[in-house]
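# Architecture at a glance
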Amino acid sequence: MGLTHGLWKRRKKRRFPKMKRLSSNWPELVSELESYIPRLHYRRVCWEFPSGQWIQCKTDGASRGNPGFTNVEGNAVADSLANYAIDEEISGTFEELFHMQNLIIRGGYVLSPLEIKRVMGRDLRDFLKGLIPERPEFMITGGGGEDIIHVIMPSRKEDALVLMGLSITLLRLYRSEMPEEGYRIDCLLPSFYSCLQQEERVDRLYRIDLGESIREIPSSMIKSWVKPLVGDGSVYRLISSFLSLTVFEDLGGIRVYTSSGGSGIPPAGDITRVLLDIALKNLFDSQFPKRFPGIAFHRFVNEVYIFIRKNEKVLFDDKAGYALLEELGLRGKIESIGPGDDPLPP
């Protein structure tokens, strides 16, 4: 006990160096420590926004002096507007990341074509487990067969990081704020569900899935909505190049390429969903209230929920919904549920 107390006293002397005497009596010692007022010395330190087109990349400095291969995990990137993006773990060297940053700023970064892989449904879990650490941005679509699934992704890990950063930047700019937790578009789901729960009892609920619209919206329209958000600099040029990407499939060493032909959004993960969200905000969200005033609706990316009550002054049904989609150049599937109907499929 005496040894422990002695070590503890030495520790306190280091923490409270201005105290000339420390009592050996426990109650007196506690009283002295409680009444101790340290002399604080401080200076104000302010973080300054990087100027112009520059981007700051902040890390914890754990690899200082080690230029070799490393994992960049949880690093923060900030631009001149103090917009932050926090990426997931990506393997690479600081020299590689610095080179990527400079290429983006100068407008010299070139995105590679997207890659499509055919995966058996039973093997999908293991495939994604190996894919995510290297290329965390991807989209899954049906492959035309019952057991075949298409996974579309950037063909390089550097492109995955760049596209992730673009999606976070756009999400921050057009939403005006980031989700309370996280930084991906799915992090906005809790607030969306909260809006749905606040709706009172309805007589019929419609759901529209606008996922097929990613193939229909002209890229020129998407660029016109993105440009006011990011300007006409390197970020805009990078988004424009993404919208014109081709997709290839490796068939035994032979690459077969397909192109969107100037329409649609390439399927590549969160960046695709964010761009679709921006497009539907300008198309569907702006026009639906004009065609159907007073009818409540909520949308999360490609899913729209419409709440119909008996006393509505205007009529909305499947026919009116499909007519609106055709007028707006969108494609989707409309389902509805009323009292006594089976639940809507997931």
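For the structure, check the block above.
The model shown is predicted, which means the values in this text are computed figures rather than measured ones. (Residues numbered from 1 in each chain as written. Predicted model: local features only at pLDDT ≥ 70, side-chain atom pairs only at ≥ 80, totals over all residues. Heavy atoms only, no water.)

## Things to note about a nonpolar patch on the surface
What counts, and what does not: Residues forming no salt bridge and having over 30% relative accessible area are the ones grouped into patches, like charges within 9 Å of each other and nonpolar side chains (Val, Leu, Ile, Met, Phe, Trp, Tyr) within 5 Å. Areas reported here follow the Shrake-Rupley algorithm with a probe of radius 1.4 Å; residue values treat only the protein chains shown as occluding. Salt bridges are defined as contacts in which a side-chain nitrogen from Lys or Arg sits within 4 Å of a carboxyl oxygen from Asp or Glu. Helix and strand labels come from DSSP, where a helix needs a run of H or I of at least four residues and a strand needs a run of E of at least two; each type is numbered from the N terminus.
A cluster of nonpolar side chains, contributed by Leu 251, Ile 254 and Val 256, occupies part of the molecular surface with about 270 Å² of accessible area. Its place among the elements puts Val 256 in strand β11 (residues 254-258).

## Structural notes on the sheet that holds strand β13 (residues 303-308)
Here is the rule we go by: Two strands form a pair only when DSSP identifies at least two bridges running between them. Axes, fitted as lines to C-alpha atoms, cover a helix only where it is in contact. Angles between the N-to-C directions of the axes lie from 0 to 180 degrees. Any two residues whose heavy atoms approach within 4.5 Å at even a single point are treated as in contact.
Pairing within the open sheet is antiparallel, and its four strands lie in the order β12-β13-β9-β14. Every interior strand has two partners, whereas the edge strands, β12 (296-300) and β14 (333-337), have only one. Within the sheet, the average angular offset between the axes of one strand and its neighbour, ignoring direction, is 15°. As paired elements, strand β9 (residues 204-209) and β13 share six bridges and run antiparallel to each other. Following the sheet pairing, Arg 204 is matched in β13 by Ile 308. Across the sheet, helix α6 (residues 189-197) lies against β12 and β13, angled at about 165° from β12, the strand it touches most.

## Notes on the pattern of salt bridges
Close approach of charged atoms allows side chains with opposite charge to pair. We count it as follows: Burial classes follow relative accessibility: with a 1.4 Å probe on protein chains only, a residue under 20% of its type's maximum area counts as buried, one over 50% as exposed, and anything between as partly exposed.
Across all of its chains, the model carries 13 salt bridges by this definition. One salt bridge in this structure joins Asp 277 and Arg 299, with 2.5 Å as the shortest N-O distance. Note that Asp 277 is positioned in helix α9 (residues 270-282) and Arg 299 in strand β12, a separation of 22 residues in sequence. The burial state of Asp 277 is the same as that of Arg 299; both residues are buried. Each of the salt bridges in this network shares a partner with another, and the network as a whole consists of Asp 186, Asp 270 and Arg 273.

## A few points about the side chain of Ser 167
Residue placement: Ser 167 occurs in helix α5 (residues 157-175). Judged by its relative accessible area of 2%, Ser 167 falls in the buried class. Once you skip the residues sitting within four places of it in the chain, Ser 167 turns out to touch Arg 184, Asp 270, Ile 271 and Val 274.

## Brief notes about the sheet that holds β11
Read from one edge of the open sheet, five strands run β7-β8-β6-β10-β11, paired in mixed fashion. One side of each edge strand has no neighbouring strand; the edge strands of this open sheet are β7 (139-142) and β11. Sheet twist, expressed as the average angle between the axes of neighbouring strands with direction ignored, equals 35°. Relative to β11, strand β10 (residues 247-251) is paired through five bridges, and the arrangement is antiparallel. From the neighbouring strand, Glu 249 faces β11, where its bridge partner is Val 256. Helix α4 (residues 124-131) contacts β6 (114-120), β7 and β8 (148-154) of the sheet and is inclined by roughly 10° relative to β8.

## Topic: the environment of Ile 334
Counting through the fold element by element, Ile 334 comes out in strand β14. Residues Ile 334 and Ile 208, 126 residues apart in the sequence, show an inter-C-alpha distance of 4.5 Å. Once residues within four sequence positions are removed from consideration, Ile 334 is found in contact with Tyr 206, Arg 207, Ile 208, Asp 318, Gly 321 and Tyr 322.

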